[in-house]
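Chain by chain, the residues:
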Amino acid sequence: MAETRIARTGAWLRRRTARFYVFAAVLLVWIATFFVSPNPNSKPNPGEYTPILARADGHYMYLATISMVFDRDIALDNQFEEHGDPFELADRRTRTGRHWAFPVGTSILQAPFFAAAHAMAKPASLVADVDTGGYSLFYQRVTFLGALAAGFLALVFGYLLARRYASETAALYAVVIVGLGSNLLFYSAYRGSYAHAW
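On a predicted model such as this, the values are computed, not experimentally measured, just so you know.

Rules used throughout
Residues numbered from 1 in each chain as written. Predicted model: local features only at pLDDT ≥ 70, side-chain atom pairs only at ≥ 80, totals over all residues. Heavy atoms only, no water. Helix = DSSP H or I, 4+ residues; strand = E, 2+ residues; numbered from the N terminus. Buried < 20%, exposed > 50% of the residue type's maximum accessible area, 1.4 Å probe, protein only. Phe/Tyr/Trp six-rings, centres within 6.5 Å; stacked < 30°, edge-to-face > 60°. Lys NZ or Arg CZ within 6 Å of the ring centre and 35° of its normal.

A.B. asks: Sorry if this is basic, but what is going on with unusual backbone geometry here?
C.D. replies: Glycine aside, negative phi is the norm for most residues, and most peptide bonds take the trans geometry. One non-glycine residue, Ala56, lies in the positive phi region at around 50 degrees. Examined against the element boundaries, Ala56 turns out to sit in the loop between α1 (2-36) and α2 (57-71). With a phi close to 60 degrees, Arg72 is a non-glycine residue in the positive phi region. Tracing the chain through its elements places Arg72 in the loop between α2 and α3 (77-83). Since its relative accessible area comes to 67%, Arg72 is described here as exposed.

In structure tokens, the structure reads:
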């Protein structure tokens, strides 16, 4: 009886160790991808669109995040003036007279990470060259870590769901395939400014 219990414990420990290594390997690839993603301009040019990490529609959602945290609104006129408007959306207006904006759900979910970046930027600016204006590589890296965390959490939930219907081995293979071979990696680690990981 004791030998059976020891054997069961050993098998449970091996499965748990395998699970840890699979998730750790996927997370390490994601983190490496996150930190080597291109950033041609680490300092924005005032008044024009400077692609750092927030690009295309991700730029507009990031501007809404800045507006929510700094201005407590989603009127992006001042953000367009300061950080650019590559799709020229400032001229598009709704029937209410407000400018057309991207959905704000991603901006709301990014706001806590942006606020954390802002809290870290102030003391960091005392010892390093860290811009506290909100649209810099430092702010975007910290803010888009939220997309990486959300994507990884989705992977964990997917694993737990797969475990209900498939073997441990099949669920771990699914983690590797989805985590490294699907667009979840791209939108969580490489282009975190887009809404897909959230």
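Here the narrative resumes, following the displayed structure.
A.B. asks: Whenever I open this one, the packing of aromatic side chains confuses me. Can you help?
C.D. replies: Aromatic ring pairs: the centre-centre distance and the angle between the two ring planes describe each pair. A full pass over the atoms with the stated rule returns 17 aromatic pairs. On the numbers, 5.8 Å between centres and 75 degrees between planes, the contact of Tyr62 with Phe114 is edge-to-face. With Tyr62 in helix α2 and Phe114 in helix α4 (residues 105-127), this pair connects stretches of sequence that are 52 residues apart. Judged on exposure class, the residue Tyr62 and its partner Phe114 are both buried. A connected cluster of aromatic rings, assembled from ring pairs, spans Tyr62, Phe70, Phe114, Tyr135, Phe138, Tyr139 and Phe144. Lying over the aromatic face of Phe34, Arg141 brings its terminal NZ or CZ to 5.5 Å of the ring centre.

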